[in-house]
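Reading the structure
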Amino acid sequence: EADIYQTPRYLVIGTGKKITLECSQTMGHDKMYWYQQDPGMELHLIHYSYGVNSTEKGDLSSESTVSRIRTEHFPLTLESARPSHTSQYLCASVGTVKNTEAFFGQGTRLTVV
Amino acid sequence: SQQGEEDPQALSIQEGENATMNCSYKTSINNLQWYRQNSGRGLVHLILIRSNEREKHSGRLRVTLDTSKKSSSLLITASRAADTASYFCATKPNQAGTALIFGKGTTLSVSS
């Protein structure tokens, strides 16, 4: 069972609000990722980090930001939520050993009204 | 752009039948992985096959990899209703510092 946790599981929020989606893992993994996924669709990488104080943007342009102050914590922030941000956000982590799998959190389903 | 492409997009079978899903990719890879996702949940890792491997088994799962054709297949034998889920292939490119790239997934429905 993966030790990676996302909160909240579901969030309904009004347009213009600032929100932070939390992701924590207790496996000591250096690599962490945020993916965005619309229902029944593919995953799009929006941010990733290969260690503390290291963050990069992914392939999909996103108005969100991330931080990595501690190894175990990789929060994603939307400064001003919009209906177009409605989606599922998945956090994942990978260990440093080569050829190892990713562990995913349960996801946060965000709805912006 | 996404690297992996699964086909079919959707597959409906009866319990006890085998399900085969295919994945194609574009660049050189370190490994290829298959994941399962139940509706509205996170992804769960099923199996990883390295670029120098051709076939791998895990329980009722069989994965093949053909690097010359840049393709992989996932076979689920003797399917069960509980196998109903979306299945994604993900490739780890050879380039250092790159993340897993996921395909669009195959939605499998197994009816009893």
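Residues numbered from 1 in each chain as written. Chains lettered and ligands numbered in written order. Predicted model: local features only at pLDDT ≥ 70, side-chain atom pairs only at ≥ 80, totals over all residues. Heavy atoms only, no water.

To continue, consider the overall build of chain A. Each helix and strand counted, chain A has 0 helices and 11 strands in total. Listing every helix and strand of chain A by position from the N terminus yields β-β-β-β-β-β-β-β-β-β-β. A compact globule built from 113 residues would reach a C-alpha radius of gyration of about 13 Å, and chain A, at 13 Å, matches this within 12%. Counting only C-alpha atoms, chain A reaches 40 × 30 × 25 Å along its principal axes. Counting every position in chain A, which comprises 113 residues, the buried fraction comes to 45%. (Helix = DSSP H or I, 4+ residues; strand = E, 2+ residues; numbered from the N terminus. Rg over C-alpha atoms; globule rule 2.2 N^0.38 Å. Buried < 20%, exposed > 50% of the residue type's maximum accessible area, 1.4 Å probe, protein only.)

Take the interface of chain A and chain B next. The partner chain B presents 21 residues to the 22 residues of chain A that form the contact. Three residues stand out in chain A for area buried against chain B, namely Glu-42, Leu-43 and Asn-99 of chain A, and they jointly supply 30% of the buried area on that side. Taken together, chain A and chain B are joined by 5 residue pairs in polar contact (both at pLDDT 80 or more). Listed by contribution, the elements that provide at least two residues to the side of chain A that touches chain B are strand 4 (31-37), strand 5 (43-51), strand 9 (87-94) and strand 10 (102-104) of chain A. Of the residues forming the side of chain A that touches chain B, the biggest block, 5 residues, is contributed by strand 5 of chain A. Of the residues contributing to the side of chain A that touches chain B, the split by class is 10 nonpolar, 7 polar and 5 charged. (Contact = heavy atoms within 4.5 Å. Buried area = accessible area lost by both parts, 1.4 Å probe. Polar contact = N/O pair within 3.5 Å; in protein donor to acceptor, adjacent residues only side chain to side chain. Nonpolar A, V, L, I, M, F, W, Y, C, P; charged D, E, K, R; others polar.)

For chain B, mean pLDDT is 92; residues scoring 70 or higher make up 96% of the total. Per-element averaging of pLDDT across chain B places strand 1 (residues 5-7) of chain B at the bottom with 83 and strand 7 (residues 61-66) of chain B at the top with 98. (pLDDT = per-residue confidence, 0-100.)

It is worth spelling out the state of the cysteines at this point. All names here are of chain A. Applying the stated criterion across every chain, the model contains 2 disulfides over all chains. A sulfur-sulfur distance of 1.9 Å marks the disulfide that ties Cys-23 to Cys-91. Since a negative S-S torsion denotes a left-handed disulfide, the Cys-23-Cys-91 link at about -75° is left-handed. Pair noted here: Cys-23 is in strand 3 (residues 19-25) and Cys-91 is in strand 9, with a separation of 68 residues, a long-range link. (Disulfide = S-S within 2.5 Å.)

Turning next to the environment of Val-97 of chain A. Mapped onto the fold, Val-97 of chain A is located in the loop between strand 9 and strand 10. On a C-alpha basis, the gap between Val-97 of chain A and His-29 of chain A in space is 9.7 Å, while along the polypeptide they are 68 residues apart.

What follows concerns the sheet that holds strand 3 (residues 19-24) of chain B. Residues and elements named next belong to chain B. Pairing in this open sheet of 5 strands is antiparallel, and the strands run 1-3-8-7-6 from one edge to the other. Bordering the open sheet on either side are strand 1 and strand 6 (55-58), each of which pairs with just one other strand. Taken over all neighbouring pairs, the strand axes of this sheet differ in orientation by 15° on average, direction set aside. Where strand 6 lies against strand 7, 4 bridges are found, and the strand directions are antiparallel. Its bridge partner being in strand 7, Lys-56 is matched across the sheet by Val-63. (Pairing = 2+ DSSP bridges. Axes fitted to C-alpha atoms, helices over the stretch in contact; angles between N-to-C directions.)

Another point: the pattern of salt bridges. Residues and elements named next belong to chain A. Per the stated rule, a full pass over the model turns up 6 salt bridges over all chains. Among the ionic pairs, Glu-79 bridges to Lys-18, the shortest N-O distance being 3.9 Å. With Glu-79 in the loop between strand 8 (76-78) and strand 9 and Lys-18 in the loop between strand 2 (10-13) and strand 3, this pair connects stretches of sequence that are 61 residues apart. Classification of Glu-79 as partly exposed rests on a relative accessible area of 48%. (Salt bridge = Lys/Arg side-chain N within 4 Å of Asp/Glu carboxyl O.)

All names here are of chain A. Topologically, His-73 is positioned in the loop between strand 7 (64-66) and strand 8. Residue class for His-73 comes out buried when judged on its relative accessible area of 19%. Here the side chain of His-73 touches Glu-22 through a polar contact of 2.5 Å, side chain to side chain. Among residues more than four places away in sequence, those in contact with His-73 are Glu-22, Cys-23, Ser-24, Ser-67 and Arg-68.

This brings us to the sheet that holds strand 7 of chain A. Residues and elements named next belong to chain A. What the 4 strands build is an open sheet, ordered 1-3-8-7; its pairing is antiparallel. Looking at which strands have only one partner, the edges of the open sheet turn out to be strand 1 (4-7) and strand 7. Within the sheet, the average angular offset between the axes of one strand and its neighbour, ignoring direction, is 15°. Across 3 bridges, the pairing between strand 7 and strand 8 is antiparallel. For Ser-64, the partnering residue across the bridge sits in strand 8 and is Leu-78.

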